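Residue strings, one per chain:
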Amino acid sequence: MLKATLRSFLAHKGRLLLSALAVVLSVAFVAGSLIFSDTVTRTFDRLFASTSADVTVQPKDDLKASVPTGAVQTLPAALVDRVARVDGVASAHADVGVENITVVDGENESVGPTTGAPTIAADWYVTDRSAVELTSGEAPRGAGQAVLDADTADKKGVEIGDTLTVMAQPGSFKVRIVGIATFRTTNPGAALVFLDPEVAARQLLGSADKVTGVSVEAAQGVTDTELKRRVTAALGSGPYDVKTADEQAKSAAEQLGGFLDIIKYVMLGFAGIAVLVGVFLIVNTFSMLIAQRTRELGLLRALGADRRQVRRSVLTEAVLLGLVGSTLGLAAGIGLAAGLIRLMSAFGMNLKTTEMVVGWVTPVTAYVVGVGVTFVAAYLPARRAAAVSPMAALADADIAGVGRPLKVRAVVGAVVGALGAAALVGCVTASQTASAASLLGLGVVLTLVATVIAGPLLVRPVIRVLGAAVPALFGSIGRMSQRNALRNPRRTGATAAALMVGLALVGGMSVASASMSKSFDQQIDETLGADFVIQNTNFTPFSQEVTDRVHATAGVGTVVRQRFAPVAVRLPDGSRTETTAAGYDPQVDEVAHVTYAQGDSAAALADGAIGMDVDFAKDHGVRVGSVLPVEFPGDRTLSLKVGALTDQDAAEGFGMQGGLFLGIATVEKYVPGGQDSVLYVNTAPGVNADDLRPRLEKALDPYPQVQVRDQADYKDLVHNQIAVLLYLVYALLGLAIVIAVLGVVNTLALSVVERTREIGLLRAIGLARRQLRRMIRLESVVIAVFGAVLGLALGLVWGVCTQQVLALQGMKALAIPWGTIVAVVVGSAVVGVVAALLPALRASRMNVLAAIAHD
């Protein structure tokens, strides 16, 4: 049996190749994501471990803002001397480093990265643990001199002697580049500007009496843990965070972890789609191969092979296929990881492919995924093969199930579909976002499974309708192609299922994204009353100079500032909620339309007051007049009285839905050093907005990162952000279509082999080669369009239910992108034509007499 199995596998290796490609793609994305994430993690672990001081003292940062505030937590500079006097301290250095800056060159072009990585300004202090070393020029001395990192200098064309402008929170200042520093290890993608330590604090923090941290080196024989204990004891209780080198490295790695997780999960999403679609392809391939080997299996049974041996033989072929696919997939995964590493270099993160990490988990996972997928996919066809009696097999019974009833599928599909429909109905009627989202996920999975199970039941009624025009347009050729698609519902359903999965995903996400865009458009129209919105391109805060220039621009009327602050609120129900509050100027009603359940803007923005969303208030037992303890960074606490409750769907771009808002004076007092994030600007009376815009843009010309947007621009901004998610979905769709095309090609190719004698007879009675190719192409188109219709119908249901979940968050508009749906259906027909090219060509080249004599 083993020899027969190996001989059969080698005999059908061409037919199994396309199935192996599905395994290769699945394993490649899994392996590539693991190798890439392991490599980046190991690289940055080394970076953080090699550059962290023995002990670091930093301001306590218990409250994390969900959006940048521009504020820099500092420590008194006098703390350095206190730490230096601690027994066991060899040296203590005052650290100054900030990220709330913008750097531009002489042509007002930004010198910072455009990938979201920060631009960091720090004091020049070089030790054996420094991340950089001076490789050209000299160290900065005094005000007006700076050192720039080599990667940024190369990318932006900055040379020694060039003048840059640094825009910091205390104000802007010019520096001349006197040196270039090169990273000793990996450049994480940031732009680094180094200043003289004597002037760094004054220029970056506004005072020489402040520092952002203290780096401590341990004396000989003193461990990091022991030194941390001594430093902590000497400083006593206070807003300090003392960490050892290991703790600091771990903390830095955790901050990077969120970014790495996004990449990892995206790639695993691609792997999941490849696995899911590949299962359909492999099931179909093995079902057809077994159908074609009916007589061979029957002979094995007649010669004494029992059912278990037959089943084991088929599963052994599947394992061999999985091993080959996994090996190739692992190699492809290594190549994919290398490509990602090079791609990250384009974003400024200079990783080295020579330091690629391939841990033992990666190959184990690769083979588990590859072999597991093929084994599971081949199990049902193997059981079906083993269930055939020797006499039935010798009589050429079609074990693929052409004539077998579909009653079991009907019952199981109906039950699973009913459960899925019930979950989706529950999702639509739910009042809580969490429960609605859970029911949506359950409903999506169950309805997908039900459609796959019941797919063969839908083949005949749906294809008769969809393919009704084919006979009318193409005559007898069209009729034969339609009947070929109807001949084996199981095969057609499984082939179309691969395409259905991808199109269901894109259909659902297209409806959800279109609904989000329409909802945001409505919300912007309803809530945003300002003529212009001024903010940074990357939504980070900007310096006070920007606000001052806007105020000084001729024709500007009302200017309302928005500034964020991380807070923690203790609520009447005993809970403590950490969130981000927004501060506004008192004239907020002039630039926004806010709907209140109780109170008004004046009450919410008054000194000692706070406002919040009415639903949030109800959930936590808060009412107007409630006094809430509010914690700010640096252990600053005060009690604020609830002055108003808002009641509106959302105020995208205004930051008020479900959140806290208060007067900007309170934010300035309790989060000192913060920066404005947004300016809402109205024209002065008698000034036209079209006249004011060029004045604002000219006034802000020295600040290339700051954008002036009107409402139309703001809508485009939101649409572009949503489009990023949609592009990811389209990429997933592309992968699904690639595998689905492989599935259609495989099915048609095997179908041509299966119908060799039939094709020979058709050719013998006068069917031309061109007509034969057309028949196979039309069959492929009918199958592809069938899969597209099922997928889009399912996707529309998912999309509408997703919109109902979003409606609980205020996004109540429903939009269906009919243009996208029509384009997908037309594209599916094109996919059908492309997938049929090779099988049709092969069929047309058959020798007629040999085909008729084929057994």
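Shown above is the structure to which this text applies.
None of the values given here were measured: they were computed from a predicted structure.

Definitions and cut-offs
Residues numbered from 1 in each chain as written. Predicted model: local features only at pLDDT ≥ 70, side-chain atom pairs only at ≥ 80, totals over all residues. Heavy atoms only, no water. Pairing = 2+ DSSP bridges. Helix = DSSP H or I, 4+ residues; strand = E, 2+ residues; numbered from the N terminus. Patch = residues over 30% accessible without salt bridge, like charges linked within 9 Å, V, L, I, M, F, W, Y side chains within 5 Å. Areas by Shrake-Rupley, 256 points an atom, 1.4 Å probe, with all protein chains shown as cover. Salt bridge = Lys/Arg side-chain N within 4 Å of Asp/Glu carboxyl O. Lys, Arg positive; Asp, Glu negative; His and termini not counted. Charge placed at Lys NZ, Arg CZ, Asp CG, Glu CD. Buried < 20%, exposed > 50% of the residue type's maximum accessible area, 1.4 Å probe, protein only. 1 Å grid on protein atoms, 1.4 Å probe; cavity = no way out; pocket = protein on both sides within 12 Å on 5 of 7 lines; lining within 4 Å. Points joined across faces, edges and corners; volume = space filled by probe spheres on them. Nonpolar A, V, L, I, M, F, W, Y, C, P; charged D, E, K, R; others polar. Phe/Tyr/Trp six-rings, centres within 6.5 Å; stacked < 30°, edge-to-face > 60°. Expected span 1.5 Å × (residues − 1). Contact = heavy atoms within 4.5 Å. Axes fitted to C-alpha atoms, helices over the stretch in contact; angles between N-to-C directions. Parallel < 35°, antiparallel > 145°, perpendicular 65-115°, else oblique. Left-handed = near helix turned anticlockwise from the far one by under 90°. Bend = angle between axes of the 7 residues up to and from the residue. Core = buried A, V, L, I, M, F, W, Y, C linked by side-chain atoms within 4.5 Å.

A. Structural context of the pairing of strand E20 (residues 627-632). Summarising the sheet, strand E16 (residues 556-570) and E20 pair through two bridges and their orientation is antiparallel. Each residue of the ladder has a partner; that of Ala-568, found in E20, is Glu-631. Where E20 lies against strand E21 (residues 636-646), six bridges are found, and the strand directions are antiparallel. Residue pairing in the sheet places Phe-632 in a bridge with Arg-636 of E21. Between the end of E20 and the start of E21, which pair antiparallel, lie three residues, with Gly-634 showing a positive phi angle near 80 degrees.

B. Main features of a negative patch on the surface. On the surface, Asp-573, Asp-615, Asp-619 and Asp-647 cluster together into a negatively charged patch. Tracing the backbone through its elements, the reader meets Asp-615 in helix H18 (residues 614-619). Given the relative accessible area of 46%, Asp-615 is considered partly exposed.

C. Inspection of empty space enclosed by the protein at higher detail. Here the structure, examined in full by the defined rule, presents four cavities of 30 Å³ or more. In this structure, the largest cavity is lined by twelve residues; those nearest its centre are Asn-484, Arg-491, Ser-751, Arg-755 and Glu-779. At the level of secondary structure, the elements contributing two or more residues to the lining of the largest cavity comprise helix H14 (469-487), helix H15 (489-527), helix H21 (711-754) and helix H23 (769-807). Element by element, the count of residues in the lining of the largest cavity is highest for H21, at four residues. Split into classes, the residues belonging to the lining of the largest cavity amount to two nonpolar, five polar and five charged.

D. Summary view of the packing of aromatic side chains. A complete count under the given rule lists four aromatic pairs for this structure. Ring geometry for Trp-124 versus Phe-194: centroids 5.2 Å apart, planes at 80 degrees, classification edge-to-face. Note that Trp-124 is positioned in the loop between strand E6 (119-123) and strand E7 (132-137) and Phe-194 in strand E11 (residues 191-195), a separation of 70 residues in sequence. Taking relative accessible area as the criterion, Phe-194 reaches 8% and is therefore assigned buried.

E. Region of interest: helix H12 (residues 407-429). For H12, built from 23 residues, the straight-helix expectation of 33 Å at 1.5 Å per residue is met to within 8% by its first-to-last C-alpha distance of 33 Å. Contact partners of the buried residues in H12: helix H13 (433-466) and H23.

F. View of the packing of H13 against H15. For the pair H13 and H15, interaxial distance at closest approach is 8 Å and the crossing angle is 120 degrees. Our classification of the angle between H13 and H15 gives oblique. For the pair H13 and H15, the crossing hand works out as right-handed. Residues Leu-448, Thr-451, Val-452, Pro-456, Val-459, Arg-460 and Ile-463 of H13 lie in contact with H15, whose contacting residues are Pro-489, Arg-490, Thr-492, Gly-493, Met-500 and Val-501. Looking at the contact of H13 with H15 residue by residue, the class counts come to eight nonpolar, three polar and two charged.

G. Expanded view of the pairing of E11. Most of E11 sits out of view: five of its five residues are buried. Burial along E11 is two-sided: the residues Ala-191, Val-193 and Leu-195 and Leu-192 and Phe-194 are all buried. In this sheet, E11 lies alongside E6 in parallel orientation, the contact comprising five bridges. When the bridges of E11 are listed, Ala-121 appears paired with Val-193. Bridge analysis of strand E8 (residues 145-149) against E11 gives three bridges, and the strand direction is antiparallel. Within E11, the residue paired with Val-147 across the bridge is Phe-194.

H. Here's a closer look at a nonpolar patch on the surface. Together, Val-822, Val-826, Val-830, Val-833, Val-834 and Leu-837 make up an exposed nonpolar region whose accessible area comes to about 490 Å². In terms of residue count, the dominant contributor to the nonpolar patch is helix H24 (residues 818-835) (five residues). Position of Val-826 relative to the elements: it lies in helix H24. Look at Val-826 and you get partly exposed, because its relative accessible area is 49%.

I. Representation of H15 in the model. Here H15 contains 39 residues, and its C-alpha end-to-end distance of 54 Å stays within 8% of the 57 Å for a straight helix at 1.5 Å per residue. The sharpest bend along H15 measures roughly 35 degrees and falls at Ala-497.

J. Expanded view of the nonpolar core. Residues Phe-286, Ile-463, Ile-739, Leu-772 and Ile-776 are the most contacted members of the largest nonpolar core, which totals 85 residues. Per-element accounting of this core gives the leading share, 13 residues, to H23. In this view, Ile-739 contacts Ala-22, Leu-25, Ala-274, Val-277, Gly-278 and Leu-281; residues no more than four positions away in its chain are not counted. Ranked by size, the runner-up nonpolar core spans 27 residues in total, among them Phe-520, Ala-582, Ala-604 and Leu-717.

Purely geometric numbers; function is a separate question.
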